[in-house]
Amino acid sequence: MRVGLFLTCVNDTLYPRTGQATVALLERLGCDVDFPLAQTCCGQMHWNTGYGRQVEPMVRGFAETFAGYDAVVTPSGSCGAMIRDNHPRAAARSGDAALADAVAAVVPKVHELSEFLVDVLGVTDVGAYFPHRVAYHPTCHSLRLMRLGDRPTALLRNVRGLELVDLPGAEECCGFGGTFAVKNPDVSAAMGADKIRNAEAAGAEVLCAADNSCLMHLGGMLTRRQGAVRTLHLAEILAATEADPGGLTWAGVRNGARG
Amino acid sequence: MSAVPLGMPSFPDAAREATRNPTLRRNLRHATHTIRDRRAAAVAELDDWAELRAAGAAIKDRTLRHLDTYLEQAEAAVVAAGGHVHWAADAAEANRIVTDLVRATGETEVVKVKSMATQEIGLNEALAEAGITAYETDLAELIVQLGDDRPSHILVPAIHRNRTEIRDIFRDAMGEWGIPAPDGMSDDPRELAEAARLHLREKFLRAKVGVSGANFLVAETGTLVVVESEGNGRMCLTLPETLISVVGIEKVVPTWRDLEVFLQLLPRSSTAERMNPYTSTWTGVTDGDGPRAFHLVLLDNGRTSILADEVGRQTLRCIRCSACLNVCPVYERAGGHAYGSVYPGPIGAILTPQLRGTGSAVDASLPYASTLCGACYDVCPVAIDIPEVLVHLREKVTAQRGHVIERSALRAAAWAMRDPKRYTALQRAAAAGTRALHPRRLPLPGWGKAWTDTRDLPAVPKESFRTWWQRRDTSGGTK
Amino acid sequence: MTDSRARILGRIRTALAGTERTTPAPAEPIARDYRDSHTDTGLVELLAHNLADYRARVHHATETDLPDLIARLLGSRGAHTLVVPPGLPDGWLPTAAGLRAVRGTDLSAAELDAMSSVLTGCAVAVAETGTIVLDGGPGQGRRMLTLVPDHHICVVRTPDQVVASVPQALRRLDPRRPQTWISGPSATSDIELDRVEGVHGPRALDVVLLVPPGGA
């Protein structure tokens, strides 16, 4: 299966490890992964901040870039939801019927990572090894827009050595909310502090999510507080194996030459 | 809608104060979490909740599409049943109509059932200017009135007060308004409810004029419906000689049968009960039972302009259950007062800017008072896509004057994102700049400072993913 | 007033100018895929359970036992005055010494405030929600009657007056009659969103489920 990886601009720029982990994981599971260099951003920040008129070129770019793949995988519930819910709206608004058709053709092929693993590849045990206590934070867009349900936790439960701890108030927003974090910094920080307190109370070593943007907010608060919990993207846990628990080989080159 | 409160700061500024008030935080957290879990249980009892919700939304949408027809039908039915119908284009007109109706009775006091519409138009203040005292009879409204406070929740206007604060308000203020609180009253909610009972009973028994809103107005029969818990509604609707109901034009539902949907959706969403303790329905006037004169005031006050907006229109489906407030993580931390309106929480964040416009600081900030987490949409019994409307309103705000820096920055980003080469160049520049400086805190005002006041910036990696990918891709399978 | 009527209706028509409208309005169908009821059996038991869940006190009696039961309910509260609506079967009334039963037709609110208890029938009861509905019919009286006294005893004829659900109840009721739907005694959630029974309406609600002769 030829999989186009839509990594997202945040991951590309700030979290390349998540991208490398996603590639390692998908290749381990037999996918032919490509990262088309024409990809940029899904337009979520613009859309959600009230600049929806500016996203049309990004929507067009996405549809063109990913038209040729069997499946498009993104390690972000939030950007996945932007594409699934709002690219059709943006296309409809543009009045460009060809764009609307292109978007309608690509959107059904777009999957968030855990959705792709469970629904398309049909696996919940990806052969991972991660001997730590992990709390899973279902980010809002993963939970309520992408409706990932128990897919991420089903994957985590099958990770050898991993102890999944219950996160109190798991379904509550962490307070990131894109530009909310800077437009309403006090409420955002209050929400983040509560989320971190809950992760600490659960005894987690690692706070895991399917969205690095939320983890950037929580991680930023955690390092500021020098807390004991660290944040990690779901892909990086699922890519870890007994042979390579630290993911030292992910950054290697392709075609089995990583060792 | 009544004006923005004088000196009302923007939402972020008002919310900052609230987040630093530990008592308020504790009160709100306790109350919202209590009701949240109970609502979920009450809803889970019905395995056809999704179908009820869809029907509720569909009934409201169809009604709104034919609002003129249904209002005329409702008017004719109310008149045929012996009631009088008045139309108020705005708050001032509604207040004038009610004031004149009360004056015509010769009375200088009215008892009131909790009503969002009369709060929205500032009726109590208008009546006071005309020398008429309005007594709020809902327990929470009484707490707000006696405490000279502002409501902070749709269902429980005094949610920001805990039992001890309520005890103090009753002890200090009840005597000024009528029968004082019993000596030695504790802060046990049962004793507080008992004090309210004694204080208000005397007012109910002598009242000649009652003022209410309504939860529903049935067009085909002219029937009004008030859903409540305490019995103060029944008192106000039944004992006075004259009843005046101020009802937003969006409250109309076409048929008596339609209530079968809303009387299932509303109580479970609102107070998390299978059914609220009391629901009153009445049609015009009835010989020998209840008020001898009934006046219905149909209120527009900005609703028709919401109707004109095809995305915003769904806001008018709202049945004021307040489930969205109770699940909202932002409301829980910011409190209701930060919204600067009688409609707080997620529904307020979309309703207020549509009723009042986005001219003031607080109104322009309300569409941003949300992380778009979607919890409100999930619990809304009439499926109002609040995040969708918030984003829609953000577009209206950004189209206004101002926002120069933000708009330019985002336009530049959009320009870069349009083209992978520009995007890559921007990415490299940003990475180089941040890595060179290694800032953990940014001192300059604006978004950077807002981020780093409480959070470290992420460490920027040496190499972006795409740079690595290209390296890996061109290395042709060897290291 | 007429001007505002025309103005509001005009604004509505302008607002909807771009919206497709099928005329007449009721011709636009609504998908009512929800259930007519969630239960078909054991309605009386469910009603009893849900009434009790909201702190109504539930009793069972045959028509023969009824006067004694009512006498006991009144006696347990030390009630001396009982108000009854027109049309209430005489056979329901207790004959206990010291109890005064008053027909409530002409009593003012203040006079009703001095009465200990009120005894009525009902129009229909809803099992799924634990609700009794009064519509001012025979044996139910004016709305004020069941509101001002602090103690309400309501008799429900089972199984005839018991329906499963809200949709079924609405079909039995005439919207032209003033109605009171009662689910447990008066309550409030206004202090810390926690439910407390007993504010302005009757603080005590006794519901008697009247079993037909020979049992249900």
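Residues numbered from 1 in each chain as written. Chains lettered and ligands numbered in written order. Predicted model: local features only at pLDDT ≥ 70, side-chain atom pairs only at ≥ 80, totals over all residues. Heavy atoms only, no water.

(A) Region of the structure containing the overall build of chain B. Scanning chain B from terminus to terminus reveals 23 helices and ten strands. Taking all 479 residues of chain B together, the buried fraction comes to 64%. Pairs at least 24 apart in sequence give 74% of the contacts found in chain B among residues at least 6 apart. Just so you have it, chain B exposes about 16,600 Å², and 53% of that area is on carbon and sulfur atoms. Where the 58 positive side-chain charges of chain B centre and where its 59 negative ones centre are 11 Å apart. (Helix = DSSP H or I, 4+ residues; strand = E, 2+ residues; numbered from the N terminus. Buried < 20%, exposed > 50% of the residue type's maximum accessible area, 1.4 Å probe, protein only. Contact = heavy atoms within 4.5 Å. Areas by Shrake-Rupley, 256 points an atom, 1.4 Å probe, with all protein chains shown as cover. Lys, Arg positive; Asp, Glu negative; His and termini not counted. Charge placed at Lys NZ, Arg CZ, Asp CG, Glu CD.)

(B) Examining the nonpolar core more closely. Core analysis: the largest hydrophobic core is formed by 178 residues, its most contacted members being Phe11, Phe170, Leu259 and Leu296 of chain B together with Ile12 and Trp181 of chain C. Not counting residues within four places of it along the chain, the set of residues in contact with Leu259 of chain B comprises Phe216, Val218, Val225 and Val253 of chain B together with Leu170 of chain C. One finds Leu26, Leu155 and Ala235 of chain A together with Trp469 of chain B within the second-largest nonpolar core, a separate group that totals 39 residues. (Core = buried A, V, L, I, M, F, W, Y, C linked by side-chain atoms within 4.5 Å.)

(C) A look at the interface of chain B and chain A. Contact with chain B, which involves 69 residues of that partner, is made by 70 residues of chain A. Interface area, chain B with chain A, both sides summed: about 6,000 Å², of which 58% is carbon and sulfur. If you look at where chain B meets chain A, you find 14 salt bridges. Note that Asp385 of chain B is salt-bridged to Arg89 of chain A, the shortest N-O span being 3.7 Å. Of the residues in the side of chain B that touches chain A, the class split is 28 nonpolar, 15 polar and 26 charged. (Buried area = accessible area lost by both parts, 1.4 Å probe. Salt bridge = Lys/Arg side-chain N within 4 Å of Asp/Glu carboxyl O. Nonpolar A, V, L, I, M, F, W, Y, C, P; charged D, E, K, R; others polar.)

(D) The arrangement of the sheet that holds strand β4 (residues 209–212) of chain B in detail. Residue and element names in this part refer to chain B. Reading across from one edge, β1-β10-β7-β4-β2-β3 is the order of the six strands in this open sheet, with parallel pairing throughout. Strand pairing shows two members of the sheet lacking a second neighbour, β1 (84–88) and β3 (133–136), which therefore form its edges. Ignoring strand direction, the axes of neighbouring strands in this sheet form an average angle of 25°. Where strand β2 (residues 109–112) lies against β3, four bridges are found, and the strand directions are parallel. (Pairing = 2+ DSSP bridges. Axes fitted to C-alpha atoms, helices over the stretch in contact; angles between N-to-C directions.)

(E) Structural detail: the packing of aromatic side chains. Tallied over the full model, the rule gives 15 aromatic pairs over all chains. Put simply, the rings of Phe6, Phe62, Phe66 and Tyr69 of chain A pair up and form one aromatic cluster. Here the basic side chain of Lys183 of chain A rests over the ring of Tyr368 of chain B, its NZ or CZ set 4.2 Å away from the ring centre. The ring of Tyr135 of chain B has Lys203 of chain B sitting right over it, with the charged end atom 4.3 Å from the ring centre. (Phe/Tyr/Trp six-rings, centres within 6.5 Å; stacked < 30°, edge-to-face > 60°. Lys NZ or Arg CZ within 6 Å of the ring centre and 35° of its normal.)

(F) Layout of the pairing of strand β3 (residues 71–74) of chain A. All names here are of chain A. The side-chain alternation of β3 yields two buried faces, one formed by Ala71 and Val73 and the other by Val72 and Thr74. With three bridges joining them, strand β1 (residues 2–5) and β3 adopt parallel strand pairing. Each residue of the ladder has a partner; that of Leu5, found in β3, is Val73. As paired strands, β3 and strand β4 (residues 110–112) are joined by three bridges and run parallel to one another. Within β4, the position partnered with Val72 by the bridge is Val110.

(G) The arrangement of the UniProt feature "domain: LUD" (unreviewed entry) in chain B in detail. UniProt annotation of "domain: LUD" (unreviewed entry) refers to residues 71–285 of chain B when read in the numbering used here. A helix fraction of 45% and a strand fraction of 19% characterise residues 71–285 of chain B, whose end C-alpha atoms lie 19 Å from each other. (UniProt positions renumbered as here; feature names shortened; annotations may be inferred.)

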